[in-house]
Amino acid sequence: MKIFVNSEVSTLEALLIHSPDSGLGKVVPSKAQDWLFEDIIHLDTMRKKEYDLYVQLLLHFLDPEVIKNYTPDPQRSFFKPNGPGYYKSDKVLDIERLLCEVLAIPEVRIPLVAAVSAIEECSYLEMEHFLKYSDRELSKILLTGMTEEGEMFFPPVPNLIFTRDIGVVVNDHILLTRPSKLARTRESLIAKYIFFNHPYFQEFRHNIIEIEEDEEHFLLPEDKTRRVDTLEGGDVMMVAPNHLLIGISERTTLEAARQAMDKLFQKKVVQKVSIIKIPNKRDFMHIDTVFTPIKRNVWVLLKAIVKPQRNNEEGWRDLQPTPMEEQVLIRTFENTDKGIVCREVENLEALLEDISKTDLACTEKVEFVYSGNDQFPYGEREQWTDSCNLLVLKEGVAIAYDRNDKTNAAFEAKGFKIVKAEDVLSQFQKGTLNPHEMENTIILLPSAELSRARGGSHCMSLPLRRARIFEK
Ligand SMILES: NC(=O)NCCC[C@H](N)C(=O)O
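Read on for a plain summary of the structure. (Residues numbered from 1 in each chain as written. Predicted model: local features only at pLDDT ≥ 70, side-chain atom pairs only at ≥ 80, totals over all residues.)

Most of helix α4 (residues 95-103) sits inside the fold, with 8 of its 9 residues counted as buried. Residues of α4 that are buried: Ile-95, Glu-96, Arg-97, Leu-98, Leu-99, Cys-100, Val-102 and Leu-103. Buried-residue contacts for α4 involve β1 (12-17), β2 (92-94), α5 (106-119), α7 (135-144) and α8 (185-197). (Buried ≥ 20, exposed ≤ 12 C-beta atoms within 10 Å, placed from the backbone. Helix = DSSP H or I, 4+ residues; strand = E, 2+ residues; numbered from the N terminus. Contact = placed C-beta atoms within 7 Å.)

Moving on to the site of the ligand. Residues in contact with the ligand amount to 14 residues; listed here are only the nearest, Leu-36, Gly-234, His-286, Gly-455 and Cys-459. The class makeup of the residues in the shell around the ligand is 5 nonpolar, 5 polar and 4 charged. (Near = placed C-beta within 6 Å. Nonpolar A, V, L, I, M, F, W, Y, C, P; charged D, E, K, R; others polar.)

Our focus in this paragraph is α5. Structurally, the α-helix is built with 3.6 residues per turn, so residues lying three or four positions apart point the same way. The end-to-end C-alpha distance of α5, which contains 14 residues, comes to 21 Å, matching closely the 20 Å that a straight helix rising 1.5 Å per residue would cover. The set of residues buried in α5 consists of Leu-112, Val-113, Val-116 and Ser-117. Take α5 and look down its axis: the buried residues cluster within an arc of 130 degrees, on one side only. Along α5, exposed side chains directed more than 90 degrees from the buried face belong to Glu-107, Ile-110, Pro-111, Ala-118 and Ile-119. Residues of α5 that are buried sit in contact with α4, α6 (124-130), α7 and α8. Glu-121 lies just past α5 and shows a positive phi near 55 degrees. (Expected span 1.5 Å × (residues − 1). Arc of directions from axis to C-beta.)

Looking now at the sheet that holds strand β16 (residues 417-420). In space, the 4 strands of this open sheet follow the order β14-β15-β17-β16, with mixed pairing throughout. Edge positions in the sheet fall to β14 (391-394) and β16, since each of these pairs with one other strand and no more. Between one strand axis and the next, the sheet turns by 30 degrees as a mean value, whatever way the strands run. Two strands pair when backbone bridges link them, and β14 and strand β15 (residues 397-401) are joined in this way by 3 bridges, in the antiparallel orientation. Counted as the bridge partner of Val-392 is Ala-398 from β15. Across the face of the sheet, helix α2 (residues 43-62) comes into contact with β14, β15 and β17 (441-445) while running at roughly 145 degrees to β17. (Pairing = 2+ DSSP bridges. Axes fitted to C-alpha atoms, helices over the stretch in contact; angles between N-to-C directions.)

Here it is as structure tokens:
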């Protein structure tokens with residue numbers, strides 16, 4: 001498996017996903033906030049009417065041979081990782097399948113089960129008990145916290161459908177993240193064992209970068225439960241071969257952003273890192289919840305993140321009661337022969353325009369599509385349901401949620417075709433449309449349930465390989 005991503009917009013060739021597992025259907029209202037869900041989702045609808053369409057789209061674009069054999073059946077066997085009839089693609093990889101395969105490696109099985117048992121505070125006998133299960137059953141237990149018979153040992157990891165957050169491929173390296181939220185700890189532990197041990201990533205082992213906790217974090221007072229160095233994948237965006245964006249947000253700390261930048265500069269993986277500090281708010285969460293690129297010269301974003309904030313002008317800024325919290329601040333750091341050079345960037349649009357023109361050598365006009373068409377109150381309403389969080393399948397062709405009407409109309413006004421996932425899939429099946437001939441199209445995925453989990457198609461993908469946008 002070749003791992004390589006040097007842009008967000010060139011043709012997607014391989015990615016890591018995770019189909020909603022039964023753990024997602026076990027979220028209880030009293031734990032919903034702790035498990036990072038604002039609502040209780042209907043699992044069957046999420047799978048059959050929404051996520052399965054997402055998987056079919058991915059397969060049509062990335063692995064058409066595999067989807068040729070698809071015939072719908074009420075059991076959804078095609079979509080169930082490790083079961084009979086599973087699609088088993090080497091381009092659209094489910095983390096549950098890779099986990100099952102690493103559990104088959106004896107030197108990995110025991111330490112992985114011991115590590116999960118330790119962080120979930122299982123007894124020694126429980127840990128021994130887990131080891132008796134088959135690889136397939138064990139992978140389910142490690143992900144959902146329960147056996148197929150319904151015996152529950154520890155909580156599920158319902159946010160694992162958002163594979164974006166566990167790691168990011170930066171050129172030919174992968175940056176493994178450190179979650180800010182306790183509910184996502186097991187996800188990154190499992191991801192670590194997969195990337196270090198799965199045969200797919202063998203040649204790539206020396207290109208893994210980990211974020212470590214601050215050396216002195218253990219000296220923090222007991223009540224400081226927040227980890228010091230946390231970084232989640234939604235805050236890391238590989239926008240151009242020489243340029244990486246890192247957000248400082250509700251989830252990613254300045255310390256971890258700096259650590260990632262230092263490590264990447266040291267290994268000369270990228271030349272520029274722009275740090276974007278966004279307000280520390282649940283509705284912004286990561287930078288990919290407020291903007292994503294669609295083409296070299298087109299970005300979708302929340303306009304409110306660009307507008308100059310009141311009382312943010314020189315002279316007034318420091319007089320505010322909480323001067324730093326609400327501001328968007330951007331600095332670009334460049335690793336030059338003379339050392340690291342830093343410059344301040346005026347606002348997000350200025351940064352994105354510069355990336356399009358300077359880093360992506362774009363000669364066309366740079367266009368911005370605004371969430372909710374920047375009409376009050378739709379900008380914020382639709383950003384909350386992931387209008388700015390799109391996954392690009394090939395340049396100009398992206399997956400969006402169907403519920404964000406105003407944003408989708410704004411795409412249409414900029415010349416994009418808007419099509420429903422069901423219609424596109426039926427045309428692919430009939431052979432009347434070829435994915436590779438599609439251009440400037442936004443494919444709308446049904447999203448009533450998926451959007452309740454607080455992430456869009458960008459969050460639901462960890463691109464492992466994209467076509468090279470151009471040489472470094
Ligand atoms: N990159 C992203 O923005 N991921 C969305 C994660 C949503 C998940 N419920 C969470 O709060 O972590």
